[in-house]
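Reading the structure
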Amino acid sequence: MAYRTLEEITGGPNHTFVIAEAGVNHNGDPELAKQLIDAAANAGADAVKFQTFQADKLASPEAAQADYQARNIGKKESQLQMLQRLELKFTDHAPLKKYAQDRGIMFLSTPFHVEALKFLIDDIGQDTLKFSSGDLANAPLLNMAARRGVNMLVSTGMASIEEVRLAFDAIAFGYCNPRDPKSSAEIKDWRLKPEAQAIMKTRVCVFHCTTAYPTPLDMVNLRAMKTLEAEFKCITGYSDHTQGIDVSILASALGARVIEKHFTISRDWEGPDHVASLEPQELKAMIDNIRATSKARAAKSDHTLSLDEARQYLSPTFDAISVLGTGEKQPHKGEVAVTEIARKSIHTRGPIKAGEVFTMDNLSTDIRPQGGLKPVQLWDILGKPAANDLAAYQPVKNNNVA
């Protein structure tokens, strides 16, 4: 199927496409999700985004919360318990998509596992998917999405530039090949092939992002957005987890084509992301200022404002210099602890007996936490027998592969 491109969707270099990130701020209630759609539409956002997952396919029973999740919720529980309370059912999605369309706003969602990805494409008809920072290293999931030809919005929190390159290799291979790679080595440097670059230029948006909720200003490193733009030469944006609206406005002024920002009805609500989210009147103020920066950018040959030109759209007390950073795309030390919780590794889907061959059906790269082989290594162990008995949800390590 030939999908419309991101160039068509986002409106060109003089428009900053704003995604109002509802995420899990509906707290599992589809009626609250409709309130969030209303708030996003009333604020003038281009799209409203949710998260699509089935909790038992995303987190093992042993997966712990990230520290920020426990702190923001105010209680300790497993990731699985938390996610079970926050998931939207698959049957909730079609009515929410129609509700968004009726409100004149694009519906988006992030798939967190293979079943969610297939559901969003095949059952909901999504031509564009967002991928979380936790899945940047999930090469099989990214590859599968690219093989289906959809547009991909990819966050890069917790990642080094080398890890982003590997993710783009998996995406490039998927766009250009109708099959899975035969090994992790086969995808190497596919991002550099001209035919892949031509596709990714119009189908992929790469977001700079810092995975901390909320993100302290000294962790932003906004210049890394320009590093990603220069490296990958595709649509570039910023996924903002800071408090307030100034960093998103500055990112737009500096050339971000897409901005993603969490919002909620009330920061007083219980949940892991409310505290780092905008309330509706703040979301509208942010979008109004972003529209002004986009208009100003249209008069510039490079579609970018200087820092001095951007200051008129920022709060008088906002220290813009503090968020620019070095531009080096490396994980901040403050993200390291989250990496262990948010990223995934190869796990068993169910019990596997010694001698049983590893397949796509009995292994998953979608389960948190880390602890087993990296997802990209899935292609290296398929077809090999298990060296010993493995339990369900067990991380697969080198010594488990015969």
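Please refer to the structure higher up on the page.
Overview of the structure. (Residues numbered from 1 in each chain as written. Predicted model: local features only at pLDDT ≥ 70, side-chain atom pairs only at ≥ 80, totals over all residues. Heavy atoms only, no water.)

Let's talk about the packing of helix 2 (residues 30-43) against helix 5 (residues 90-102)
At a closest axis distance of 10 Å, the pairing of helix 2 and helix 5 adopts a crossing angle of 25 degrees. Classified by the interaxial angle, the pair formed by helix 2 and helix 5 is roughly parallel. In this structure, the crossing between helix 2 and helix 5 has a hand that is right-handed. Across the interface between the two elements, Pro30, Ala33, Lys34, Ile37 and Asp38 of helix 2 pack against Asp92, Leu96, Tyr99 and Ala100 of helix 5. Of the residues assigned to the contact of helix 2 with helix 5, the class counts are six nonpolar, no polar and three charged. (Axes fitted to C-alpha atoms, helices over the stretch in contact; angles between N-to-C directions. Helix = DSSP H or I, 4+ residues; strand = E, 2+ residues; numbered from the N terminus. Parallel < 35°, antiparallel > 145°, perpendicular 65-115°, else oblique. Left-handed = near helix turned anticlockwise from the far one by under 90°. Contact = heavy atoms within 4.5 Å. Nonpolar A, V, L, I, M, F, W, Y, C, P; charged D, E, K, R; others polar.)

With respect to the packing of aromatic side chains
A complete count under the given rule lists five aromatic pairs for this structure. Ring geometry for Phe168 versus Phe232: centroids 4.3 Å apart, planes at 25 degrees, classification stacked. In this pair, Phe168 sits in helix 8 (residues 161-176) while Phe232 sits in helix 10 (residues 223-232), placing the two residues 64 residues apart along the sequence. Taking the relative accessible area as the measure of exposure, Phe232 reaches 11% and is therefore buried. (Phe/Tyr/Trp six-rings, centres within 6.5 Å; stacked < 30°, edge-to-face > 60°. Buried < 20%, exposed > 50% of the residue type's maximum accessible area, 1.4 Å probe, protein only.)

Observations regarding helix 4 (residues 79-86)
Quick reminder: α-helices carry 3.6 residues per turn. Residues three or four places apart thus point the same way. Along helix 4, the positions that sit buried rather than exposed are Gln79, Leu80, Met82, Leu83 and Leu86. All buried residues of helix 4 project into a common sector of 160 degrees when viewed along the axis, lining one side. (Arc of directions from axis to C-beta.)

Topic: the sheet that holds strand 7 (residues 235-240)
Spatial ordering of the open sheet is given by 3-2-1-8-7-6-5-4, a layout of eight strands whose pairing is parallel. Only two strands of the sheet have a single neighbouring strand rather than two, namely strand 3 (106-111) and strand 4 (128-131). Here the strands of the sheet are splayed against their neighbours by 25 degrees on average, with no regard to which way each runs. Pairing geometry for strand 4 and strand 5 (residues 151-155), over four bridges, is parallel. Bridging across to strand 5, Leu129 finds its partner in Met152. Against the sheet, helix 10 makes contact with strand 6 (204-209) and strand 7, and its axis sits at roughly 150 degrees relative to strand 6, the strand it touches most. (Pairing = 2+ DSSP bridges.)

Re the side chain of Asp246
One can find Asp246 in helix 11 (residues 246-253). Leaving out residues up to four positions away in the same chain, Asp246 has contacts with Leu314, Ser315 and Phe318.

A short note on the side chain of Asp366
Summarising the element assignment, Asp366 is placed in strand 10 (residues 363-367). Buried within the structure, Asp366 lacks any salt-bridge partner; its nearest side chain of opposite charge belongs to Lys344, at an N-O separation of 4.6 Å. Looking at Asp366, its side chain comes within polar contact range of the main-chain nitrogen of Val114, at 2.9 Å. (Lys, Arg positive; Asp, Glu negative; His and termini not counted. Salt bridge = Lys/Arg side-chain N within 4 Å of Asp/Glu carboxyl O. Polar contact = N/O pair within 3.5 Å; in protein donor to acceptor, adjacent residues only side chain to side chain.)

Points about the pattern of salt bridges
Should their charged atoms come close, side chains of opposite charge can pair. Overall, the coordinates contain 25 salt bridges when judged by the stated rule. Across the pair Arg349 and Glu115 runs a salt bridge, and its minimum N-O distance is 3.3 Å. Linking Arg349 in the loop between strand 9 (345-348) and strand 10 with Glu115 in helix 6 (residues 114-123), this pair joins segments that are 234 residues apart in sequence. On the accessibility criterion, Arg349 (32% relative accessible area) is partly exposed. Where salt bridges share partners, they join Asp169, Lys188, Asp189 and Arg191 into one cluster.

Some thoughts on helix 6
If you check which residues of helix 6 are buried, you get Val114, Ala116, Leu117, Phe119, Leu120 and Ile121. Gly125 sits one or two residues past helix 6 and shows a positive phi near 80 degrees.

What to know about the state of the cysteines
The full count for this structure, using the stated rule, is zero disulfides. Summary of cysteine pairing: Cys176 is not part of a disulfide, and the nearest cysteine sulfur, belonging to Cys234, is at 14 Å. The class for Cys176 is partly exposed, based on a relative accessible area of 26%. Residue class for Cys234 comes out buried when judged on its relative accessible area of 8%. (Disulfide = S-S within 2.5 Å.)

Remarks on the environment of Val220
Relative to the elements of secondary structure, Val220 occurs in the loop between strand 6 and helix 10. The class of Val220 is buried, set by a relative accessible area of 0%. Expressed as a C-alpha distance, the spacing of Val220 and Cys209, which sit 11 residues apart in the sequence, is 7.7 Å. Look past the residues within four positions of Val220 in its chain and what remains in contact with it is His208, Thr210, Thr215, Tyr238, Thr242, Val247 and Val323.

What about the environment of Thr293?
Here Thr293 is to be found in helix 12 (residues 280-297). On the basis of relative accessibility, which here comes to 0%, the residue Thr293 falls in the buried class. Beyond its immediate sequence surroundings of up to four residues, Thr293 is in contact with Ile249, Ser252, Ala253, Leu305 and Tyr313. Reaching out from Thr293, the side chain makes a polar contact with the backbone oxygen of Ile290 at a distance of 2.8 Å.

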